[in-house]
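Coordinate inspection notes
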Amino acid sequence: MAQDTDSNEVSAKFSKLNVNALEFVPSFASSTPASTAAAVVAAAVAPVTTPTAGTPTAPNQTNTGTSSSGGGNTPTSAAATPTPPSSSAAPTPMDVKGDEEAKTPENNESEPLDSWDAEEDSILTPEDEEMELDDGEVDGDSVAKVSKKKPPKVEESKSKKEHVNVVFIGHVDAGKSTIGGQIMSLTGMVDKRTLEKYEREAREKSRESWYLSWALDTNQEERDKGKTVEVGRAYFETEKKHFTILDAPGHKSFVPNMIGGAAQADLAVLVISARKGEFETGFDRGGQTREHAMLAKTAGVKHLVVLVNKMDDPTVNWDVERYNECKDKILPYLKKLGFNPTKDLTFMPCSGITGMGIKEQISESVCPWYRGPAFIPFIDELPSLNRKTDGPFIMPIVDKYKDMGTVLMGKVESGMAKKGINLLVMPNRTQVSVDQLWSDDEEVTAVGPGENVKIKVKGIEEEDVSPGFVLCDASNPIKTGKVFDAQVVILEHKSIICAGYSAVMHIHCAAEEITVKALICLVDKKTGEKSKTRPRFVKQDQVAIMRIECSGLICLEQFKLFPQMGRFTLRDENKTIAIGKVLKVIE
């Protein structure tokens, strides 16, 4: 009974943001035969035509069924929205179908859209058409510049495979780093001698079961304590795709780091431990399983794979009843967050330490009741993500370091960058030129959306850049602001929130202290109607539109135009207290 009320609370909180509607999340859209054909033709013609931000092949590939508000990967920005206005209103049949499935009776209250959604759509359409023209001019220039270089060389060293970023999340000690290390071992990304060395060192510290996690937990503190602190990064490839692993910390002290990892991900893997007692600790109040799943959803992750780990543990021994018990406890909560079990949620049993169920299907003698695919083949077969290569270049900076120049790290959210072009670091407005590019440690001459990259730039010192800054198109920079209006859902907060309240906001890769300047109105959860009078305060489970002031200038964008740069979470006292989306940048 307690669990039901718990689920209803969560459902109520999320319904207002329509988190299970396709608006709040990037869509995985199957690539149509036409787009595949276009991609093949593009690849064949490439040496002659120099694909750049403006080539006509790009819209073909990218227009397969995204909606302007749909995508965590939709690179619309204030100045460039190349999709025709009509597409912003019409989701694809697949999206609509998924949406109807998501509206189960318990989620039904999320049906009414907010009144401002409709208003903004109509306002934005004319601008969109002008933006198309602007974008064409910008792209024309860049085509002219790039064509002076040798086109075949550019094509030679661009990553050919689709890039997918996978974040591993879950409670501390569920086995995230171990599974990440096991994947690298099975795909040959860590050689046998290195693993033997880790195993030997781990045994000396009486930590023999931790040796696989050392492939991702590289610093001494993480290895000594067995706790991930920073987001570990690694990559592996299959025949079709290139995957970047983001190993997020599970401990609640490091949730801010975890949010940074989730902001870069396309696919989340929630690891839960099947060991008796461990699953309950992680899932009950105070455990990180709930908060991590919720943060992944608000970060715009579309597909969630739940790996039920430690199935080989003596207390479990591949028991189907224990697997179903864990699944049945967590499923109602994930449904309330808006994950649809038929479409974007998958459960799998596995064992991180032995590697069963990760690359090869689990043998029938060990686990006769699960005959589904193993983890790596499953994520390899997921439909392609919709990436837009046209539009302005945008890359939130996750990290930076000095190496014969300034190297900036991050995930390309939109657009293309090539060696030698000029870009802008915002909010500093410092112009820089691109000296070298690496896509997951391989040097390339061009990078595109979805890739985790390192970009060496000239024209700025390393100390002048902070995580949360954005590297963007010089002719079409991202918006910056200090004051903005946002719709905020208060998830969990004991006292009231009124003007003057301060918290820490996490938006894309930036963390900034904010103050609530004014409460504008309350929004009714069921009808979406705004209150006529200004509220004096808001409390838990309420939805409000408020004016927020940041302590410094930050890069952000309207959620409508570019969801990745317009969704945020508010944290206070080590807890996630609210989630929200930017409606309007004021100044």
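Residues numbered from 1 in each chain as written. Predicted model: local features only at pLDDT ≥ 70, side-chain atom pairs only at ≥ 80, totals over all residues. Heavy atoms only, no water.

- The protein is annotated in an unreviewed UniProt entry as Eukaryotic peptide chain release factor GTP-binding subunit from Aedes albopictus.
- In its Subcellular location (unreviewed entry) section, the UniProt record describing the protein reads: "Cytoplasm".
- Quoted verbatim from the Catalytic activity (unreviewed entry) heading of the UniProt record, the comment on the protein is "GTP + H2O = GDP + phosphate + H(+)". (UniProt positions renumbered as here; feature names shortened; annotations may be inferred.)

1. Focus: the overall build of the protein
- Check the secondary structure of the protein and you find 14 helices and 21 strands.
- For the protein, the proportion of its 587 residues judged to be buried stands at 56%.
- In the protein, the proportion of contacts linking residues at least 24 apart, taken out of those at least 6 apart, comes to 75%.
- Of the roughly 23,800 Å² that the protein leaves accessible, carbon and sulfur atoms contribute 52%. (Helix = DSSP H or I, 4+ residues; strand = E, 2+ residues; numbered from the N terminus. Buried < 20%, exposed > 50% of the residue type's maximum accessible area, 1.4 Å probe, protein only. Contact = heavy atoms within 4.5 Å. Areas by Shrake-Rupley, 256 points an atom, 1.4 Å probe, with all protein chains shown as cover.)

2. Re the nonpolar core
- Formed by 77 residues in total, the largest nonpolar core has its most connected members in Phe168, Ile183, Leu270, Val305, Leu334, Phe375 and Ile379.
- Residue contributions to this core peak at 7 residues, all from helix α13 (residues 320–337).
- Counting the residues that make up this core, at least three belong to each of domain 1 (162–381) and domain 3 (480–585).
- What Phe168 contacts, discounting residues up to four positions off in sequence, is Lys176, Ile179, Ile183, Ile245, Leu246, Asp247, Ala248, Val269, Val271 and Phe375. (Core = buried A, V, L, I, M, F, W, Y, C linked by side-chain atoms within 4.5 Å. Domains from an automatic or database assignment.)

3. A closer look at the side chain of Asp344
- The residue Asp344 is located in the loop between α13 and β6 (345–349) in this model.
- Only 2.4 Å separates the side chain of Asp344 from the backbone nitrogen of Asn340, close enough to count as a polar contact. (Polar contact = N/O pair within 3.5 Å; in protein donor to acceptor, adjacent residues only side chain to side chain.)

4. Re the packing of helix α12 (residues 288–298) against α13
- One way to put it is that α12 packs onto α13 with a least axis distance of 10 Å and a crossing angle of 30°. By the angle between their axes, α12 is roughly parallel relative to α13. Judged by the sense of rotation from one axis to the other, the crossing of α12 with α13 is right-handed. Between α12 and α13, the contacting residues are Thr289, Arg290, Ala293, Met294 and Lys297 on the first element and Ile330, Tyr333, Leu334 and Leu337 on the second.
- Counted by class, the contact of α12 with α13 contains 6 nonpolar, 1 polar and 2 charged residues. (Axes fitted to C-alpha atoms, helices over the stretch in contact; angles between N-to-C directions. Parallel < 35°, antiparallel > 145°, perpendicular 65-115°, else oblique. Left-handed = near helix turned anticlockwise from the far one by under 90°. Nonpolar A, V, L, I, M, F, W, Y, C, P; charged D, E, K, R; others polar.)

5. Some points on the pattern of salt bridges
- On inspection of all chains with the given rule, the structure shows 18 salt bridges.
- Linking Glu381 and Lys240 is a salt bridge whose minimum nitrogen-to-oxygen distance equals 2.7 Å. Taken together, the residues Glu381 in the loop between α14 (375–380) and β7 (394–402) and Lys240 in the loop between β2 (232–237) and β3 (241–247) connect sequence positions 141 residues apart.
- One network of salt bridges, in which partners are shared, links Arg275, Glu278, Lys310 and Asp313. (Salt bridge = Lys/Arg side-chain N within 4 Å of Asp/Glu carboxyl O.)

6. Structural notes on the environment of Cys550
- With respect to the secondary-structure elements, Cys550 resides in strand β19 (residues 543–555).
- Separated by 35 residues in the primary sequence, Cys550 and Thr515 place their C-alpha atoms 6.4 Å from one another.
- For Cys550, the residues in contact, after removing those within four places along its chain, are Lys482, Phe484, Met505, Glu512, Glu513 and Ile514.

7. A word on the pairing of strand β1 (residues 162–169)
- β1 sits mainly inside the fold: 8 of its 8 residues count as buried.
- Relative to β3, β1 runs parallel, the two being bridged by 7 bridges. In the strand pairing of β3, Glu162 is matched with Lys241.
- Where β1 and strand β4 (residues 267–273) come together, 4 bridges link them in parallel fashion. Across the sheet, Ile169 pairs through a bridge with Leu270, a residue of β4. (Pairing = 2+ DSSP bridges.)

8. Considering the packing of aromatic side chains
- Scanning all chains against the criterion turns up 6 aromatic pairs.
- Taken together, a centroid distance of 6.0 Å and an interplanar angle of 80° make the contact between Phe283 and Tyr333 edge-to-face. Remark: Tyr333 occurs in helix α13 and Phe283 occurs in helix α11 (residues 278–283); sequence separation between them is 50 residues. As far as burial versus exposure is concerned, Phe283 and Tyr333 are alike and both buried.
- Residues Phe484 and Phe568 carry aromatic rings whose centres are separated by 6.0 Å and whose planes lie at 75° to one another, so their mutual orientation is edge-to-face. Of this pair, Phe484 sits in strand β16 (residues 480–490) while Phe568 sits in strand β20 (residues 567–572), placing them 84 residues apart in sequence. With respect to class, Phe484 is no different from Phe568; both count as buried.
- Grouped by ring-pair contacts, the aromatic residues Phe279, Phe283 and Tyr333 constitute a single cluster.
- The ring of Phe283 is capped by Arg290, whose NZ or CZ atom sits 4.3 Å from the centre of that ring. (Phe/Tyr/Trp six-rings, centres within 6.5 Å; stacked < 30°, edge-to-face > 60°. Lys NZ or Arg CZ within 6 Å of the ring centre and 35° of its normal.)

9. Overview of the packing of helix α10 (residues 255–262) against α12
- For the pair α10 and α12, interaxial distance at closest approach is 10 Å and the crossing angle is 35°. Between α10 and α12 lies a crossing of right-handed hand. Along the contact surface, α10 presents Val255, Met258 and Ile259, while α12 presents Gln288, Glu291, His292 and Leu295.
- Split into classes, the residues belonging to the contact of α10 with α12 amount to 4 nonpolar, 2 polar and 1 charged.

10. Brief notes about helix α7 (residues 176–186)
- Among the 11 residues that make up α7, 9 are buried, leaving the element largely enclosed by the rest of the structure.
- Among the residues making up α7, those that are buried are Lys176, Ser177, Thr178, Ile179, Gly180, Gly181, Gln182, Ile183 and Met184.
- Contact partners of the buried residues in α7: β1, β2, β3, β4, β5 (303–309) and α14.
- At the C-terminal side of α7, Gly188 shows a positive phi close to 80°.

11. Focus: the pairing of strand β21 (residues 575–585)
- Taking burial as the measure, the 11 residues of β21 include 9 buried ones, the bulk of the element.
- Of the pairings in the sheet, the one linking β16 to β21 comprises 7 bridges and is antiparallel in character. Pairing of Asp485 across the sheet is with Lys584, part of β21.
- Pairing analysis gives 6 bridges linking β20 to β21, with the strands arranged antiparallel. Looking across to β21, one finds that Arg571 is bridged to Thr576.
- Linking β20 back to β21 in an antiparallel pair, the connection comprises 2 residues, with Glu573 at a positive phi of about 50°.

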